[in-house]
Amino acid sequence: MTTDLLPALTAHVTAEAHTRPGTGPCDCPAEPLVTGERDSTVVRHAGTVAKAHPPGSDPAHLALRVTVAAALPGILLPPLSPAPVVLRGRLVTHWPYGTPVDPDDPDAAPWECAATLLARLHRTPPPVPVPPMRGPRKAARAVARLRTAAPRHPATAPVLDAWAALPGWARGEAPMPDTATLCHGDFHLGQLVRHPAPGDFWLLIDVDDLGTGVPAWDLARPAAWYACGVLGPDEWHRFLTAYRAAGGPAVPSGGDPWPTLDVPARALTAQTAARAVTKAVAADRPLDEVERSLVDACARMAAAGPCLPRT
């Protein structure tokens, strides 16, 4: 349980922070950054971050993903240690602390940097063999939790109908049509930090879902937010333009990107809506405006059906 893990992880990261060259005792306390959200727990002490990965994480797959991060230091935040360790039955990795995107300053969101990093990631051959990107499987888990937690909630049916209309690969039930492109698997602005080393560069973090797959999945969350009215057209245009300018292969270099983005964006909309409804039910509260817009988008999606690429 998280309540049992957190003290152990706090002691672990404190010890880890002060065993590295050039470090010594300090008075700063350890700071939980994520506690149990989506089954991960993350604690920081000074410049060291320890992440306890979700229960059941595959140790071989996680080790490969950490190896990719170490091999691509200009794209992904490199780990402090080359291999995960085990703590209280959980796999733990160690990372340098980086400054995250400020959620209270949306105008300063680094959309161009994010898009450029994704384009570079998608253009880079995997430095080691990696498993498939886990985005569709994670979306499927969110929908499964919704079925269990809120089977009779009025918002559940539109989400499930939108999900059922997707092709099997987007629901994690069939192989993805792209098995070669390196993808992040769970991109959003919370997956960016400024590197603490000189230069202060933005880098991608969180390798739990990294692997090969359909690169449009990494553009799908911003695309879904734009389609639902959550992300403004200017921000979406900046993101898409920067991705194309950096040679990103997920969408055509010009013209309408939506035939490529449609299925992943629908899947991410259903996933986000499923999480929103599940959280609202757990808190015994009504959906807020943004959550309602996600469910409404699912209702429209189910009525229209996805735009599937021609074969």
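Please refer to the structure higher up on the page.
The text that follows walks through the structure, step by step, so that each part is easy to find. Everything quoted here is computed from the prediction, not taken from an experiment. (Residues numbered from 1 in each chain as written. Predicted model: local features only at pLDDT ≥ 70, side-chain atom pairs only at ≥ 80, totals over all residues. Heavy atoms only, no water.)

Before going further, it helps to spend a moment on empty space enclosed by the protein. Counted by the stated rule, this structure contains 1 cavity of 30 Å³ or more. Roughly 50 Å³ of internal volume is contained in the largest cavity. Taken together, Gly-135, Lys-138, Gly-185, Asp-186, Phe-187, Trp-217, Arg-221, Leu-268 and Gln-271 form the lining of the largest cavity. The set of elements that each furnish at least two residues to the lining of the largest cavity consists of α4 (135–149), α6 (216–228) and α8 (258–282). (1 Å grid on protein atoms, 1.4 Å probe; cavity = no way out; pocket = protein on both sides within 12 Å on 5 of 7 lines; lining within 4 Å. Points joined across faces, edges and corners; volume = space filled by probe spheres on them. Helix = DSSP H or I, 4+ residues; strand = E, 2+ residues; numbered from the N terminus.)

Across the 5 residues that make up strand β2 (residues 41–45), a large majority, 4, are buried. Sheet topology places β2 next to strand β3 (residues 48–52); 5 bridges connect them, and they run antiparallel. Each bridged residue has a counterpart across the sheet, and for Thr-41 the counterpart in β3 is Ala-52. Between β2 and β3, which pair antiparallel and follow one another directly, the connecting turn spans 2 residues, one of which, Ala-46, has a positive phi of 55°. (Buried < 20%, exposed > 50% of the residue type's maximum accessible area, 1.4 Å probe, protein only. Pairing = 2+ DSSP bridges.)

Attention now moves to the packing of aromatic side chains. Under the counting rule described, the total for this entry stands at 7 aromatic pairs. Ring geometry for Trp-236 versus Trp-258: centroids 6.0 Å apart, planes at 35°, classification tilted. A residue pair is termed long-range when its members are at least 10 positions apart, and Trp-236 in helix α7 (residues 233–245) and Trp-258 in helix α8 qualify at 22 residues. For Trp-236, a relative accessible area of 5% corresponds to the buried category. Ring pairing ties together the aromatic residues Trp-111, Phe-187, Tyr-226, Trp-236, Phe-239 and Trp-258, which thus form one cluster. In this arrangement the basic side chain of Arg-44 is found over the ring face of Tyr-97, its NZ or CZ atom lying 3.6 Å from the centre. (Phe/Tyr/Trp six-rings, centres within 6.5 Å; stacked < 30°, edge-to-face > 60°. Lys NZ or Arg CZ within 6 Å of the ring centre and 35° of its normal.)

A surface patch of negative charge is lined by Asp-102, Asp-104, Asp-105 and Asp-107. Among the structural elements, Asp-107 can be located in the loop between β6 (99–100) and α3 (111–123). (Patch = residues over 30% accessible without salt bridge, like charges linked within 9 Å, V, L, I, M, F, W, Y side chains within 5 Å. Areas by Shrake-Rupley, 256 points an atom, 1.4 Å probe, with all protein chains shown as cover. Salt bridge = Lys/Arg side-chain N within 4 Å of Asp/Glu carboxyl O. Lys, Arg positive; Asp, Glu negative; His and termini not counted. Charge placed at Lys NZ, Arg CZ, Asp CG, Glu CD.)

Remark: α3 packs on α6, axes separated minimally by 10 Å, with the N-to-C direction vectors making an angle of 150°. Residues Trp-111, Leu-118, Leu-121 and His-122 of α3 touch α6, and the partners they reach there are Asp-218, Leu-219, Pro-222 and Trp-225. Looking at the contact of α3 with α6, its residues break down into 6 nonpolar, 1 polar and 1 charged. (Axes fitted to C-alpha atoms, helices over the stretch in contact; angles between N-to-C directions. Contact = heavy atoms within 4.5 Å. Nonpolar A, V, L, I, M, F, W, Y, C, P; charged D, E, K, R; others polar.)

Once that is clear, we can look at unusual backbone geometry. Even without a glycine there, the phi angle at Ala-46 is positive, about 55°. Along the chain, the position of Ala-46 falls in the loop between β2 and β3. Of note in the backbone geometry, Asp-284 takes a positive phi value of approximately 55° without being a glycine. Judged by relative accessible area, which is 71%, Asp-284 ranks as exposed.

Summed over the entire model, instances satisfying the criterion amount to 12 salt bridges. Arg-238 is the partner of Glu-112 in a salt bridge, and the nearest nitrogen-oxygen pair spans 2.7 Å. In this pair, Glu-112 is assigned in helix α3 and Arg-238 in helix α7, connecting sequence segments 126 residues apart. The salt bridge involving Asp-186 is made with Arg-221; its shortest N-O contact spans 3.3 Å. With Asp-186 in the loop between β7 (182–183) and β8 (192–194) and Arg-221 in helix α6, this pair connects stretches of sequence that are 35 residues apart. With respect to burial, Asp-186 and Arg-221 carry one shared label: buried. Several salt bridges converge on common partners, so that one network encompasses Arg-134, Lys-138, Asp-186, Asp-209 and Arg-221.

Next up on the list: the pairing of strand β5 (residues 90–96). For β5, the tally of buried residues reaches 7 of 7 residues, placing the bulk of the element in the interior. Burial along β5 is two-sided: the residues Arg-90, Val-92, His-94 and Pro-96 and Leu-91, Thr-93 and Trp-95 are all buried. Examined bridge by bridge, strand β4 (residues 85–87) and β5 share 3 bridges and lie antiparallel to one another. Each residue of the ladder has a partner; that of Val-85, found in β5, is Val-92. Between the antiparallel neighbours β4 and β5 lie 2 residues, among them Arg-88 with a positive phi of about 50°.

Just geometry here; none of it tells us what the structure is for.
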